[in-house]
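Each chain, letter by letter, is given below.
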Amino acid sequence: VIEGGVKFLDLKVGNGPVVQHRKKLRVAYTLRAKNHTNGKIIDASKNFGFRLGKGEVIEGYDIGLEGMRVGGIRRLIVPKQAGYHNDDIGAGRGADLFFEIELLYVAP
């Protein structure tokens, strides 16, 4: 468990550049309800870009990607306080969010 109650598990440690705060990233991800393996898919992207730590994504995403390397695959469990709080985005009000993320690119 890291900051904000976010939990992570590296499925594959990458060997590329390390994520740096405020740098542009590109990821592929799947967001599921209930669990990582057979929960309903709420959202997914094969090429999603944002700047880490600039508030462009939910807090749990910013927290959970720190320290990743390009080529890595990480699972995150993001609690409501680091996610969408009590909003229902398809997983139920205040539900934990289950992400599987592959880091594709970090800007130099």
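Here, the structure is the one placed above.
Residues numbered from 1 in each chain as written. Predicted model: local features only at pLDDT ≥ 70, side-chain atom pairs only at ≥ 80, totals over all residues. Heavy atoms only, no water.

### A look at the nonpolar core
Then comes step 1: In this structure, Tyr61, Leu65 and Phe99 are the most contacted members of the largest nonpolar core, which totals 23 residues.
Then comes step 2: Elements supplying a minimum of two residues to this core: strand S2 (24–32), helix H1 (59–65), strand S4 (73–78) and strand S5 (97–106).
Then comes step 3: Not counting chain neighbours up to four residues away, the residues in contact with phenylalanine 99 comprise Tyr29, Thr30, Leu31, His36, Ile58, Tyr61, Arg74, Arg75, Leu76 and Val78. (Core = buried A, V, L, I, M, F, W, Y, C linked by side-chain atoms within 4.5 Å. Buried < 20%, exposed > 50% of the residue type's maximum accessible area, 1.4 Å probe, protein only. Helix = DSSP H or I, 4+ residues; strand = E, 2+ residues; numbered from the N terminus. Contact = heavy atoms within 4.5 Å.)

### Some remarks on unusual backbone geometry
Then comes step 1: The phi torsion at arginine 22 lies on the positive side, around 75 degrees, for a residue other than glycine.
Then comes step 2: Along the chain, arginine 22 turns up in the loop between strand S1 (7–12) and S2.
Then comes step 3: Its identity as a non-glycine residue notwithstanding, histidine 85 has a phi of 55 degrees, on the positive side.
Then comes step 4: Tracing the backbone shows histidine 85 in the loop between S4 and S5.
Then comes step 5: Judged by relative accessible area, which is 48%, histidine 85 ranks as partly exposed.

### Comments concerning the sheet that holds S1
Then comes step 1: With antiparallel pairing, five strands are arranged side by side in an open sheet as S1-S4-S5-S2-S3. Each having just a single partner strand, S1 and strand S3 (41–51) make up the two edges of the open sheet. Within this sheet the neighbouring strands show an average axis-to-axis angle of 20 degrees, counted without direction.
Then comes step 2: Across eight bridges, S2 lies against S5 in antiparallel orientation. Bridging from a neighbouring strand, alanine 28 pairs with glutamate 102 of S5. (Pairing = 2+ DSSP bridges. Axes fitted to C-alpha atoms, helices over the stretch in contact; angles between N-to-C directions.)

### So, the packing of aromatic side chains
The description of an aromatic ring pair uses the distance of the two centres, along with the angle that the planes make with each other.
Then comes step 1: In total, this model carries seven aromatic pairs according to the counting rule given.
Then comes step 2: Taking 5.6 Å as the distance between ring centres and 75 degrees as the angle between the ring planes, the aromatic pair formed by tyrosine 29 and phenylalanine 48 counts as edge-to-face. Of this pair, tyrosine 29 sits in strand S2 while phenylalanine 48 sits in strand S3, placing them 19 residues apart in sequence.
Then comes step 3: On the accessibility criterion, tyrosine 29 (10% relative accessible area) is buried.
Then comes step 4: Judged by its relative accessible area of 28%, phenylalanine 48 falls in the partly exposed class. (Phe/Tyr/Trp six-rings, centres within 6.5 Å; stacked < 30°, edge-to-face > 60°.)

### A short note on the pattern of salt bridges
Then comes step 1: Per the counting criterion, the structure on display carries two salt bridges.
Then comes step 2: Salt-bridge contacts for aspartate 10 lead to arginine 74; the nearest nitrogen and oxygen are separated by 2.6 Å. Of the two residues, aspartate 10 is situated in strand S1 and arginine 74 in strand S4; the sequence distance between them amounts to 64 residues.
Then comes step 3: The exposure class of aspartate 10 is partly exposed, given its relative accessible area of 30%.
Then comes step 4: Since its relative accessible area comes to 4%, arginine 74 is described here as buried. (Salt bridge = Lys/Arg side-chain N within 4 Å of Asp/Glu carboxyl O.)

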